[in-house]
Each structure stands twice: as structure tokens, then as C-alpha cells.
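Each chain, written out:
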Amino acid sequence: MEKAKKGQGTAGAAATVEALVRPTIEAMGLRLWDVRFEKEGPDWFLRVLIDRDTPLDTDTCEEVSRAIDPILDEADPISQSYYLEVGSPGLGRRLNRPEHFAQLTGQKCLAHLIRPDAQGRREISGKLAGLEDGRVTLETEEGPVTFALDAASYVKLCDDEDLF
């Protein structure tokens, strides 16, 4: 597997890592939710987010970390130093892949639009009806609202509203 090139960017590094670790994570009976390669201050973090139908615990995250660490060491897909973190996407998880939208259809979600829509809304919440041809539909109290996925800075699950 090729190393992520310096000019390839964080998305290229994340995609390379994803291809390396997905088979191992899925063989452990888990779903790979996302891979992010992010800079915070002077440090870089490789975040591997995993999921399953039952709640995750720290022991499972540790098992995954121990399973993928040697794979990443051997392939050495990222040329700079980084910290590896394995965790859950958590409450309020962001939906950024087609499989996320398919899996969470019918759940309450919140979309934050980059620019206001024709009605002046920047935030839209409702039950996720789906993602089709790059367009998200939320069933709101006023009826269905459809917008281009790339018109939203994020779409996230609203599973934490009753906790606070």
C-alpha cells in the first residue's frame, strides 16, 4: 500500500488508513464509522471511529487499537508522527457517508446549512427520510425539506437531546 503523500492531504491519509484497517475491524464484528486524520495544535491525531449495535466500551476500543496498530506500523501509510485514537462516534454523531444515512433513516437529525435556504433557515431538524443523488430529505413539522448534502456544513444525529 502506498504512503499518503505530503500533498495528498488529510483526506488521502484517512482513505489509505481506512482501506488498511476496515477488514480487521469488520472481522471483529464491528463497523468502521469514520477515519479522521486531524491536526490539533502541534500534534496530529489519527482517529478511527468504530460502531456496533450494542454500546461500545473501552475494552473493545483497546482491542481494536491493539489489532490495527501492527497493521499501521507495517504499512507505515503516514510519513509523520501521530497519535492513534480508537473510539466511538458518540452521541450527536455526524453523518458523512451514504451508509450512515441509510443506517439512520427514521432517526431525528439536525442539519446546519452553510447558507440560509429560501425560507431563511440555517438549521433544519426532523426525521431523516434519506439521502438520494446527493440530496438529504428531513421530515419536519412543516413537511419534507430537501437540500444538497454539500450545502450543509454538517448533518448530525440528535440522540443527545434528552440528556441535558
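The following refers to the structure shown. Predicted model, so just to flag it, every value in this text is computed and none were measured. (Residues numbered from 1 in each chain as written. Predicted model: local features only at pLDDT ≥ 70, side-chain atom pairs only at ≥ 80, totals over all residues. Heavy atoms only, no water.)

Turning next to the overall build of the chain. Looking only at helices and strands, the chain features 3 helices and 8 strands. Secondary structure of the chain in N-to-C order comes out as α-β-β-α-β-α-β-β-β-β-β. Every one of the 164 residues in the chain was classed for burial, and the buried ones make up 37%. Sequence separation of 24 or more characterises 51% of the internal contacts of the chain that already satisfy a separation of 6 or more. For the chain, the accessible surface area stands at approximately 9600 Å², while carbon and sulfur atoms represent 48% of it. In the chain, 20 positive and 31 negative side-chain charges are present, and the distance between their average locations comes to 5 Å. (Helix = DSSP H or I, 4+ residues; strand = E, 2+ residues; numbered from the N terminus. Buried < 20%, exposed > 50% of the residue type's maximum accessible area, 1.4 Å probe, protein only. Contact = heavy atoms within 4.5 Å. Areas by Shrake-Rupley, 256 points an atom, 1.4 Å probe, with all protein chains shown as cover. Lys, Arg positive; Asp, Glu negative; His and termini not counted. Charge placed at Lys NZ, Arg CZ, Asp CG, Glu CD.)

Let's shift gears to the packing of aromatic side chains. Tallied over the entire structure, the rule returns 3 aromatic pairs. With centroids separated by 6.2 Å and ring planes inclined at 90°, the aromatic side chains of F37 and Y82 adopt a geometry described as edge-to-face. With a gap of 45 residues between them, F37 in strand β1 (residues 31-40) and Y82 in the loop between α2 (58-75) and β3 (83-87) connect regions that are remote in the sequence. Residue class for F37 comes out buried when judged on its relative accessible area of 7%. The ring of W33 is capped by R93, whose NZ or CZ atom sits 4.9 Å from the centre of that ring. (Phe/Tyr/Trp six-rings, centres within 6.5 Å; stacked < 30°, edge-to-face > 60°. Lys NZ or Arg CZ within 6 Å of the ring centre and 35° of its normal.)

We now examine the nonpolar core. In terms of nonpolar packing, the biggest core is built from 19 residues, with V21, I25, I50 and I68 touching the most fellow members. Going through the elements one at a time, α1 (9-27), β1, β2 (43-51) and α2 are the ones with two or more residues in this core. Looking at this core element by element, the count peaks at 6 residues for α1. I68 has contacts with V21, T24, I25, V48, L84 and V86, leaving out every residue within four places of it along the chain. Judged by nonpolar contacts, the second largest core, of 17 residues, contains C109, L138, V155 and L157. (Core = buried A, V, L, I, M, F, W, Y, C linked by side-chain atoms within 4.5 Å.)

Below, the discussion takes up the pairing of strand β7 (residues 143-148). The pairing of strand β6 (residues 135-140) with β7 spans 6 bridges and is antiparallel. The partner of R135 across the bridge, within β7, is A148. With antiparallel pairing between neighbouring strands as the criterion, β6 and β7 make up a hairpin whose turn holds 2 residues. (Pairing = 2+ DSSP bridges.)

Attention now goes to the sheet that holds β2. A sheet is described by the order of its strands in space; here 3 strands give the open sequence β1-β2-β3, paired in mixed fashion. Two strands close off the open sheet at either side, each with one partner strand: β1 and β3. Taken over all neighbouring pairs, the strand axes of this sheet differ in orientation by 20° on average, direction set aside. Pairing analysis gives 9 bridges linking β1 to β2, with the strands arranged antiparallel. The residue of β2 that forms the bridge with V35 is V48. Those strands touched by α2 are β2 and β3, and its axis lies near 140° from that of β3. (Axes fitted to C-alpha atoms, helices over the stretch in contact; angles between N-to-C directions.)

Topologically, E85 is positioned in strand β3. Judged by relative accessible area, E85 falls into the partly exposed class, the value being 32%. Taking the C-alpha atoms as reference points, E85 and Q103, 18 residues apart in sequence, are found 24 Å from one another. Among all residues touching E85, those that are not within four sequence positions of it are F45, L46, R47 and V48.

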